[in-house]
Structure formats: structure tokens, C-alpha cells
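Notes for the structure review
Okay, here's what each chain looks like letter by letter:
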Amino acid sequence: MDCDGTVSDGASTLRLDVEQRFASRFIVAPKLDVPLPPGGFLVLFGPSGGGKTTILRQIAGLERPDRALVRWAGETWCDSAAGIWRTPQQRRVGVVSQQPALFPHLSVRDNIEYGLGAWPPDRRHRRSDELLELLDIADLAVRHPRALSGGQAQRVAVARALAPQPQLMLLDEPFAALDAPARIRLRRDVRTLLRRIGTPAVLVTHDRGEALAMGDLMAVVIGGRVRQTAHISEVFSRPIDVEVAASLGVEAVLPAQVVESGQGLVSVTIGSVLLQVADRDGVAVGSDVYACIRAEDVTLQVQSAVHVSTRNHLAGRVVSISPEGAVDRVSLDCGFPLDALVTHRASEELKLEPGMPITAAIKATSVHLVMR
Ligand code: ATP
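Note that the structure is a prediction, hence the values are computed from the model and not measured.

1. Structural notes on the overall build of the protein chain
Across its full length, the protein chain carries ten helices and 22 strands. Principal-axis analysis of the C-alpha atoms places the extent of the protein chain at approximately 75 × 50 × 40 Å. Across the 372 residues of the protein chain, 49% fall into the buried class. Long-range contacts, defined as pairs at least 24 residues apart, comprise 65% of the intrachain contacts of the protein chain with a sequence gap of at least 6. Here the protein chain has roughly 17700 Å² of accessible surface; of this, 50% comes from carbon and sulfur atoms.

Now the structure itself:
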């Protein structure tokens, strides 16, 4: 990394070192130092009330904490010790929240052009034409916000935020209020668009599927602090501690590839292991996906017993057994790491011990695929 915070592969570094105390005594004190390439997505993920929105607002310049250092791509946006403060406009960030907050008396086009008051009119129109096209809302240009669906309104909000060519997009659960089909379509479109135009983004979400679908890097925020920052698959495969693991949901998230599809099933490979998965979303052969498997959906058998409803029987070995309240967590090596949760009684009956060979059975309906 260069000394000005710009990294040589074209990524810009986002650096945060902030301490903000609320009257409630809750402290939001993130420390972050992450490179974001053009079009890269950093996901702020964590439980409700952990401080994700506050951190996004600190980056945007919508919070003014007593002690703060915020830098982006070598620019200092806030340095309380040196008395430096840049307004949100000076930071050139585009903010989109859960509610689109459009101006009700303005048309879609005028909403998009709202932040371009200083531009000459022809350039302004060219820019709004471009965004209407990019967000696939050209046919809505003359409509007013009350005549838009939630998904359409959110597309306008994204277009408005992108209009002044921000250097960083800040997205605060912008898809959360939409129904599932609109949510999935819009998040895919926004991700593709930001990749294409090379604008990096920070996205707040507490939806694991959304984090996986959108994110490259992930910062896990719990109790006002960033507890782990890494590539998304690294966070899921190696959560830094139990609290982070718990916030992610107890699940294996494994990079996989779709190799076959037909008759309601798809086959995926995880390394050299083949798994059959119920085909819910019609994923295409050749797609890169994450295969998500919850520990409670993995059952253990000493002998390979073929049960009609259980498609996948994986030969593995017990790595460790650790008690977790009423159950035991059994960590396995099946060619990839996998956890199973079993009752103490089952654990005793199977005479589980580290090193012993075991068969892990997983129903095809218990594996969830998320596009990478
Ligand atoms: P959610 O996912 O529910 O939106 P979050 O992780 O985004 O949660 P924040 O909205 O940042 O969390 O809130 C973190 C904590 O800071 C909460 O306890 C909240 O009550 C507190 N907080 C946020 N803003 C203020 C404020 N202006 N005054 C007092 N407390 C605040």
C-alpha cells in the first residue's frame, strides 16, 4: 500500500478510527482499514442495534463524533485531532437508505437531477438520461413518486445517489422493505451496475443471504465495534470467535460450482466432493455458488446407510467434539470442514471420538445455494 492510502492494484483504502458515545452510554467505536477496488463491495454485517447504520453515517459525514479519523483513498474526510471536517457533499458519497425519500412533488427525472443544480441543463439531462437507462426506469421518467412501486422508487433513489458521480456509495439496507422478487432483482442489478461503472460501495445489512450475494469483503459489527474484517468466505469459514460465529448463524458456507442440473436437482462440487441439492432457483450449470449447510441439518451415521430421502452421504472423519449446551458440536473433515449438531445421547450411542471415520448425511433440501 502507498503511504497516501491508495493501493497499487487500483483499490482505495477506507480507514476509520472513531469513538462516538451516545447519551445511552452505547459507544460506536469502529476501526477499519480495508482496500476497496473499483466496484468492490464491503458489507457491514451484524445483529440489530450493533452500530452498522451509525458507522455508515460516520463515513458519510452525517455524524460528527468527538473523536474521529475517517480517510478514503488518501483524502482525510475527518480528523478531529487536526480539526479537519468535510461535509457529505465534499466527501462525494452517494447515500441510499431503506426508505427512498424521494421528493413527492418532483418527477422521477427531476428527482434524479436534484443534486445536479450546478451543472448546465444539457449536461444534467444527459446524465439523467444515462441513469434512467442504467437503472432500467426510462419509461418512468415523467411519473411522480406516488405512482411508483417500492422497487421502482428504490431504483430512482439509487439513480439520484449516483447522479453526481460519487466516489463511494453508502447503502443502508436499501432492499429491506421490498418483497422477495423485487429485492433479489434490484440487488443483483445494483451490484452489476456498480461493478460496471467501477464505483465501490459499503452496504449495511443483517441479512446473511444478502451479504453473501453482494459482498466481497465483510466487516462484522457487534456491540459498536468491528470484530472481524476479511473476505466474505474467510469470515464464514473462519469466524474469529464464538460471538462472530453466532452472529453469522451456525453454518458452513462453502465455495462450490454447479456441474449438472435436471429433474429438480443440481449437482455441485466442493473441491472433489459431489453434493446433490434441491434446485429451488434454477441455477445454471457452471455457476459459482456458495453451498450453505446448517450444522443441525447434518446427521451422523457410523455405517453408510442409504435412506430414501437423504441424497448425500459423505465419508469423513471426526475432528473434534465440543459440548454446546444441550447438544454436542461435532467438527468433521469430509474433504471440506463441516459441523454437525447431535444430542449428547446420540454422541454416546455413536461412540464419537476424534479421528474416527463417520458418514455425514445431508438432505438435498438442506443445502442452500447462494450465487457468488
Ligand atoms: P439495525 O440493524 O437495527 O438498524 P444497527 O446495527 O444499524 O441496527 P445503529 O442503528 O447504528 O445499529 O444503532 C446502534 C446503537 O446506537 C443503538 O443502540 C442505538 O439506539 C444507538 N444510537 C444510534 N443513534 C443514536 C442517537 N442519535 N442517539 C442515541 N443513541 C443512538
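Here the narrative resumes, following the displayed structure.
2. Section: the sheet that holds strand 21 (residues 357-362)
Consider a sheet: its strands pair through backbone hydrogen bonds, and that pairing is either parallel or antiparallel. Reading across the sheet, the five strands line up as 17-21-18-19-20 and stay open at both edges, with antiparallel pairing between neighbours. If you trace the sheet from one side to the other, it starts and ends with strand 17 (298-301) and strand 20 (337-343), each paired once. Averaged over all pairs of adjacent strands, the angle between strand axes in this sheet comes to 45°, irrespective of strand direction. Strand direction decides the pairing type here: strand 17 and strand 21, joined by four bridges, are antiparallel.

3. Digging into the pairing of strand 1 (residues 12-21)
Relative to strand 3 (residues 31-36), strand 1 is paired through six bridges, and the arrangement is antiparallel. The residue of strand 3 that forms the bridge with Arg15 is Asp33. Of the pairings in the sheet, the one linking strand 1 to strand 5 (residues 67-72) comprises six bridges and is antiparallel in character. If you follow Arg15 over to strand 5, its bridge partner there is Arg71.

4. Section: the environment of Thr76
Among the structural elements, Thr76 can be located in strand 6 (residues 75-79). Taking the C-alpha atoms as reference, Thr76 lies 40 Å from Leu369; in sequence the two are 293 residues apart. When sequence neighbours within four positions are dropped, the list of residues in contact with Thr76 reads Val70, Arg71, Ile84 and Arg86. One polar contact links Thr76 to Arg71, side chain to side chain, over a distance of 3.1 Å.

5. Looking at the pairing of strand 4 (residues 41-45)
Of all five residues in strand 4, five are buried, a share of seventy percent or more. In the sheet, strand 4 pairs with strand 10 (residues 201-205) via five bridges, with the strands oriented parallel. Each bridged residue has a counterpart across the sheet, and for Phe45 the counterpart in strand 10 is Thr205. Alignment of strand 4 against strand 11 (residues 217-222), held across four bridges, turns out to be parallel. Within the sheet, the bridge partner assigned to Val43 lies in strand 11 and is Met218.

6. Focus: the sheet that holds strand 11
Pairing in this open sheet of six strands is mixed, and the strands run 8-9-10-4-11-12 from one edge to the other. In this open sheet, the two edge strands, each paired with only one partner strand, are strand 8 (93-96) and strand 12 (225-231). When the angles between neighbouring strand axes are averaged without regard to direction, this sheet yields 15°. Sitting on the sheet, helix 5 (residues 150-162) is in contact with strand 8 and strand 9 (168-172), with an inclination near 165° to strand 8.

7. Quick word on the nonpolar core
One finds Ile112, Ile137, Met169, Leu171 and Met218 to be the most contacted residues of the largest nonpolar core, which totals 51 residues. Among the elements that take part in this core, helix 5 stands out by supplying seven residues, more than any other. Excluding residues within four positions of it along the chain, Met218 makes contact with Leu42, Val43, Phe45, Ala211, Gln228, Thr229, Ala230, Ile232, Val235, Phe236 and Leu248. Within the second largest apolar cluster, 33 residues are counted, among which are Val268, Leu300, Leu332 and Leu338.

The rules behind each value
- Residues numbered from 1 in each chain as written.
- Predicted model: local features only at pLDDT ≥ 70, side-chain atom pairs only at ≥ 80, totals over all residues.
- Heavy atoms only, no water.
- Helix = DSSP H or I, 4+ residues; strand = E, 2+ residues; numbered from the N terminus.
- Buried < 20%, exposed > 50% of the residue type's maximum accessible area, 1.4 Å probe, protein only.
- Contact = heavy atoms within 4.5 Å.
- Areas by Shrake-Rupley, 256 points an atom, 1.4 Å probe, with all protein chains shown as cover.
- Pairing = 2+ DSSP bridges.
- Axes fitted to C-alpha atoms, helices over the stretch in contact; angles between N-to-C directions.
- Polar contact = N/O pair within 3.5 Å; in protein donor to acceptor, adjacent residues only side chain to side chain.
- Core = buried A, V, L, I, M, F, W, Y, C linked by side-chain atoms within 4.5 Å.

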